[in-house]
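Results of the structural survey
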Amino acid sequence: MKKVLVLFVSGVVFLSLSACFAPQGSTPEHKRALILSMHDETLAQLYQQRPTARDVVSKAAGYAVFSNVNAQWLFLGGGGGYGVAVDQSSGHKVYMKMGQVGLGMGLGVQDIRVVFVFHSARAYMDFVNSGWEFGAQADAAAKARNKGVSATGELSIDAETTMYTMSEAGLMVKANLAGTKYWQDASLND
C-alpha cells in the first residue's frame with residue numbers, strides 16, 4: 001500500500017510539474033514573448049534585490065534567465081522550466097528548457113527564478129551547448145505573492161559563472177543532491 005501511495009504522489013507531482021516545463025503560449029511567437037516578459041521581470045527583481053548585480057550582468061559575456069518550478073517528496077525531487085540565454089556581444093537569444101532530478105530529504109513545491117552570469121564567452125557557449133549543472137542544495141522558503149520569507153542567493157559556480165536564485169512562491173524545505181540539464185528548445189529557436 002505504501003508503494004502505491006508513493007507512486008501515486010510521485011505521479012501527481014510529475015504531472016503537476018510537467019505543465020511548468022514550457023511557457024503557456026499557443027504559438028512560438030507567443031511563447032517567446034512570454035519568456036522575454038519573464039526575463040525582463042526577473043532582471044528587474046534581481047536588480048532591486050541586489051543592485052550590484054546590474055553591473056555584474058552588464059560586464060558579462062552572456063547571461064541566462066530561467067523560470068523553474070521544483071518539488072520534493074520525501075526522498076525524490078524534480079523540476080522543470082524554461083528560459084533564455086543572451087549573448088551580450090551580439091544580443092542573440094537562445095531559448096532553452098531545463099529539467100532537474102534530485103535525491104535527498106524534503107517536502108514541498110517552489111517556484112524560483114535563476115540568473116546565470118557568464119564571465120567569459122567560453123563559459124556562455126559551454127552552457128548553451130552542454131548545459132549541465134550538478135550540486136548540493138539546501139532550501140527553506142515560504143512565500144506567496146509578495147508575502148513570506150525567502151532569500152535571494154548568489155553563488156559562484158566556478159571562476160567564470162555566477163548564479164543568482166530568487167524564490168517567487170511556494171513552501172519548501174529540502175536538502176538534496178541534484179542534477180540539472182539545460183538544453184536548447186528547438187521549437188523556439190530559428
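First, a word on scope: everything that follows refers to the structure included in this document. Here the structure is a predicted model, which means the values were calculated and not measured.

**Quick notes on helix α4 (residues 121–129)**
An α-helical turn contains 3.6 residues, so a residue and the one three or four places further along point in the same direction. Taken as a whole, α4 has its buried residues at Ala-123, Tyr-124, Phe-127 and Val-128. Here the buried residues of α4 occupy an arc of 130° about the axis, which is enough to place them on one side. Exposed positions of α4 whose direction lies more than 90 degrees from the buried face are Ala-121, Arg-122 and Asn-129. In the segment just after α4, Gly-131 is the residue with positive phi, at about 65°.

**A few points about the packing of aromatic side chains**
The way to describe two aromatic rings as a pair is by their centre distance and the angle between their planes. Scanning the model with the defined rule gives nine aromatic pairs in all. On the basis of an interplanar angle of 85° and a centroid distance of 6.3 Å, the ring pair of Phe-66 and Phe-116 is categorised as edge-to-face. Linking Phe-66 in strand β1 (residues 62–87) with Phe-116 in strand β2 (residues 93–118), this pair joins segments that are 50 residues apart in sequence. Both residues of the pair, Phe-66 and Phe-116, belong to the buried class. Where Phe-116 meets Tyr-182, the ring centres are 5.3 Å apart and the plane angle is 85°; that geometry is what we call edge-to-face. Of this pair, Phe-116 sits in strand β2 while Tyr-182 sits in strand β6 (residues 161–184), and the two are 66 residues apart along the sequence. For the pair shown, Phe-116 and Tyr-182 are each scored as buried. Put simply, the rings of Phe-66, Phe-116, Phe-118, Tyr-124, Phe-127 and Tyr-182 touch in pairs and so form one group of aromatic residues.

**Some points on the pairing of β1**
Judged by how many residues are buried, β1 sits mostly within the fold: 22 of 26 residues are covered. With 24 bridges joining them, β1 and β2 adopt antiparallel strand pairing. Across the sheet, Val-69 pairs through a bridge with Asp-111, a residue of β2. Taking the residues between adjacent antiparallel strands as the criterion, β1 and β2 are bridged by five residues, where Gly-91 takes a positive phi near 80°.

**Let's talk about the pattern of salt bridges**
A full pass over the atoms with the stated rule returns five salt bridges. Of the charged contacts, one joins Glu-29 and Arg-32 as a salt bridge, the two residues approaching to 3.7 Å between their closest N and O atoms. Within this pair, Glu-29 and its partner Arg-32 are both found in helix α2 (residues 28–49), separated by three residues, close to a single helical turn. Given the relative accessible area of 52%, Glu-29 is considered exposed. For Arg-32, a relative accessible area of 17% translates into the label buried. Across the pair Arg-122 and Asp-126 runs a salt bridge whose closest N-O atoms are separated by 3.3 Å. You can see Arg-122 and its partner Asp-126 sitting in helix α4, four residues apart, about one turn around the helix. Judged by its relative accessible area of 38%, Asp-126 is partly exposed.

**Quick word on the environment of Leu-43**
Locating Leu-43 in the fold gives a position in helix α2. For Leu-43, a relative accessible area of 8% corresponds to the buried category. A C-alpha to C-alpha distance of 9.4 Å links Leu-43 and Val-57, two positions 14 residues apart in sequence. Beyond its immediate chain neighbours, meaning those up to four positions away, Leu-43 contacts Tyr-63, Val-65 and Val-115.

Criteria and cut-off values
- Residues numbered from 1 in each chain as written.
- Predicted model: local features only at pLDDT ≥ 70, side-chain atom pairs only at ≥ 80, totals over all residues.
- Heavy atoms only, no water.
- Buried < 20%, exposed > 50% of the residue type's maximum accessible area, 1.4 Å probe, protein only.
- Helix = DSSP H or I, 4+ residues; strand = E, 2+ residues; numbered from the N terminus.
- Arc of directions from axis to C-beta.
- Phe/Tyr/Trp six-rings, centres within 6.5 Å; stacked < 30°, edge-to-face > 60°.
- Pairing = 2+ DSSP bridges.
- Salt bridge = Lys/Arg side-chain N within 4 Å of Asp/Glu carboxyl O.
- Contact = heavy atoms within 4.5 Å.

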